[in-house]
Each structure stands twice: as C-alpha cells, then as structure tokens.
Amino acid sequence: MTVFQERWQELADIKDELALRDWFMGTSGNLAIKVQDAPLEFLVTASGKDKRKRTSEDFLLVDAAGKAVEETPLKPSAETLLHCAIYQKTAAGCSLHIHTVANNVISEIYGDRGKIDFKGLELIKAFGLWEEDAVLTIPIIPNHAHIPDLTEEFRKYLSADSGAVLIRNHGITVWGKDPFEAKKLLEASEFLFQYQLALYQIQSH
Ligand SMILES: CSC[C@@H](O)[C@@H](O)C(=O)COP(=O)(O)O
Ligand SMILES: [Zn+2]
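Residues numbered from 1 in each chain as written. Chains lettered and ligands numbered in written order. Predicted model: local features only at pLDDT ≥ 70, side-chain atom pairs only at ≥ 80, totals over all residues. Heavy atoms only, no water.

**Side note on the confidence of the model for the chain**
Working step 1: Overall, the predicted model of the chain reaches an average pLDDT of 98, with 100% of residues at or above 70.
Working step 2: Averaged pLDDT values for the elements of the chain fall to 97 in helix H5 (residues 179–203) and rise to 99 in strand S4 (residues 94–98).
Working step 3: Overall fold confidence for the complex sits at a pTM of 0.98, while the interface term, ipTM, reaches 0.97. (pLDDT = per-residue confidence, 0-100. Helix = DSSP H or I, 4+ residues; strand = E, 2+ residues; numbered from the N terminus.)

Encoded structure:
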C-alpha cells in the first residue's frame, strides 16, 4: 500500500468512527490528514458531503494553499484553510473539526471570556496535563464567515503540535500527531463540554 492509500484508509476509518457518534449533523464537519511534507500535501474531506457515507469521493489531495493537487470535480472543504494553517504552523499529522450541540452551547456561554478552563478533571490528562493543579484552557474565537479572517484568528492559537480551539456557535477543531491523538483530544473535549453543560444546568437552578 502507498502512503497515500494508507492515509486515505486512516482518514476513512476515523470518519466512520466519528459518524457512529453522529458528529456530522447536516453535512457539518471536516477532516484532514497529512500525506507529505515539502511540499505539503494533505487529504481533506470534499465539501458538502454526507460524511456518514463511505465513498471513493470522500477526500481529495490539496496543497499548502488548500488547492486540489490534481484535476477533480470535487471541492475541498470550505474550511480547508484552517487545516492548511495547522500543517503550516505545527508538526501535526491529523486535524478534525466537528459541530456538536455541546460544543456550540459551551462556546456561546463562555464566548465572551474568549476561553474555557478545566481544572480538577481526570480527562484533562488526555491533553498531557498530569499535575494535580493543572488547568486545561481551550480558546474560543469568533466565527468569522470569511474563512481567511477566521484562519487569521485561528492561527494565533497554533503554537503547539496538538491542541483544540472552539469557534463560537460553530464547532471545535483539534489537531494531533496522528488520527489516534487527534481523536483522543476530540473525545476528551466533548466529554468535558458535556460535563460542564450538565453542571451548568444543575447549578443554574
Ligand atoms: C452545513 S454545515 C456547516 C459548514 O458551513 C461548515 O462549517 C462545515 O463544517 C462543513 O463544511 P464542508 O465544506 O463540508 O467541510
Ligand atoms: Zn464547520
């Protein structure tokens, strides 16, 4: 199997796993996996597809500018520039973006603060935070409709090779060295958002 085929299969498998969780409501979400550096090329989901379906037209190969490497009728994800920024600024190998009710509501509740902090919760260890008093901070950025503007804002938080950013009333984007790490961060984030939401609902009564 070529590297291209291996990466395609890895991305298709992770797409199926996230689909099983119903994390692609209304065609939302996009996924990417790096195929090579210098020149950068990565596979990204084709725009507007039902990501619950597995087909031979789910992904296309794009370059560092987010343009298709070969002639294709497929359109790269509308949010490809976010994935470009990740691969340009970090050593990540995989990036995942999903919309959930929990991540949207949390982003709205905490959006004015520009971040949400988690402390004293076991699952922040998924982000490599093992100390007793460690704090996980997930930035929350405004949801600019103009994707280059959104990307500019997003780039400010790309200082590590793995991480997560919430886009207000839109969704979350995570990145990690490979699909396993990116999925771990995604699942941990969604757990933390659901926990915080449940707590918020109890405490506001
Ligand atoms: C209709 S879903 C919202 C989209 O605008 C977008 O935010 C999204 O996540 C999916 O867009 P896509 O172009 O399919 O990658
Ligand atoms: Zn989106």
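Picking up after the structure, the text goes on.
**Topic: the site of ligand 1**
Working step 1: In the vicinity of ligand 1, 14 residues are found, and the nearest of them are Ser 47, Gly 48, Lys 51, Ser 77 and Glu 79.
Working step 2: Here an oxygen atom of ligand 1 sits 2.9 Å away from a polar atom, N or O, in the main chain of Gly 29.
Working step 3: Between Ser 47 and ligand 1, the recorded distance is 2.6 Å, taken from a side-chain N or O atom to an oxygen atom.
Working step 4: Contact with the protein chains covers 74% of the free accessible surface of ligand 1, which is 410 Å².
Working step 5: For the shell around ligand 1, the class distribution of residues is 1 nonpolar, 11 polar and 2 charged. (Near = heavy atom within 4 Å. Polar contact = N/O pair within 3.5 Å; in protein donor to acceptor, adjacent residues only side chain to side chain. Areas by Shrake-Rupley, 256 points an atom, 1.4 Å probe, with all protein chains shown as cover. Nonpolar A, V, L, I, M, F, W, Y, C, P; charged D, E, K, R; others polar.)

**Topic: helix H3 (residues 101–110)**
Working step 1: What H3 keeps buried is the set Ala 102, Asn 103, Asn 104, Ile 106, Ser 107 and Tyr 110.
Working step 2: On the buried face of H3, the contacting elements are S4, strand S5 (115–119), strand S6 (135–141), strand S7 (163–167), strand S8 (171–176) and H5. (Buried < 20%, exposed > 50% of the residue type's maximum accessible area, 1.4 Å probe, protein only. Contact = heavy atoms within 4.5 Å.)

**Considerations on the UniProt feature "binding site: Zn(2+)" (unreviewed entry) in the chain**
Working step 1: With numbering aligned to this structure, UniProt lists the feature "binding site: Zn(2+)" (unreviewed entry) at His 97 and His 99.
Working step 2: Along the chain, the position of His 97 falls in strand S4.
Working step 3: Classification of His 97 by relative accessible area gives buried; the value is 0%.
Working step 4: Within the local environment of His 97, its side chain forms a polar contact with the side chain of His 99, the two groups lying 3.1 Å apart. (UniProt positions renumbered as here; feature names shortened; annotations may be inferred.)

**Remarks on the coordination of the zinc ion (ligand 2)**
Working step 1: All of the protein donors around the zinc ion (ligand 2) are Glu 79 (OE), His 97 (NE2), His 99 (NE2) and His 170 (NE2); their distances to the metal are 2.0 to 2.6 Å.
Working step 2: Angles of 74 to 171° at the metal separate the 6 donor atoms of the zinc ion (ligand 2), which places the site in the octahedral class. (Donors = N, O, S within 2.8 Å, 3.2 Å for Na, K, Ca; no water. Tetrahedral: all angles 85-135°; square planar, octahedral: opposite > 155°, others 65-115°.)

**What about the nonpolar core?**
One broad trend across soluble globular proteins is that nonpolar side chains are buried collectively.
Working step 1: Among the nonpolar cores identified, the biggest contains 40 residues, and Leu 18, Leu 96, Ile 116, Phe 118 and Phe 193 are the most heavily contacted of them.
Working step 2: For this core, the element with the most residues is H5, which contributes 7 residues.
Working step 3: Apart from the residues within four sequence positions on either side, Phe 193 is in contact with Ala 102, Asn 103, Ile 106, Ile 116, Phe 118, Ile 138, Leu 166 and Ile 172.
Working step 4: Ranked by size, the runner-up nonpolar core spans 22 residues in total, among them Ala 46, Ala 85, Ala 92 and Ile 167. (Core = buried A, V, L, I, M, F, W, Y, C linked by side-chain atoms within 4.5 Å.)

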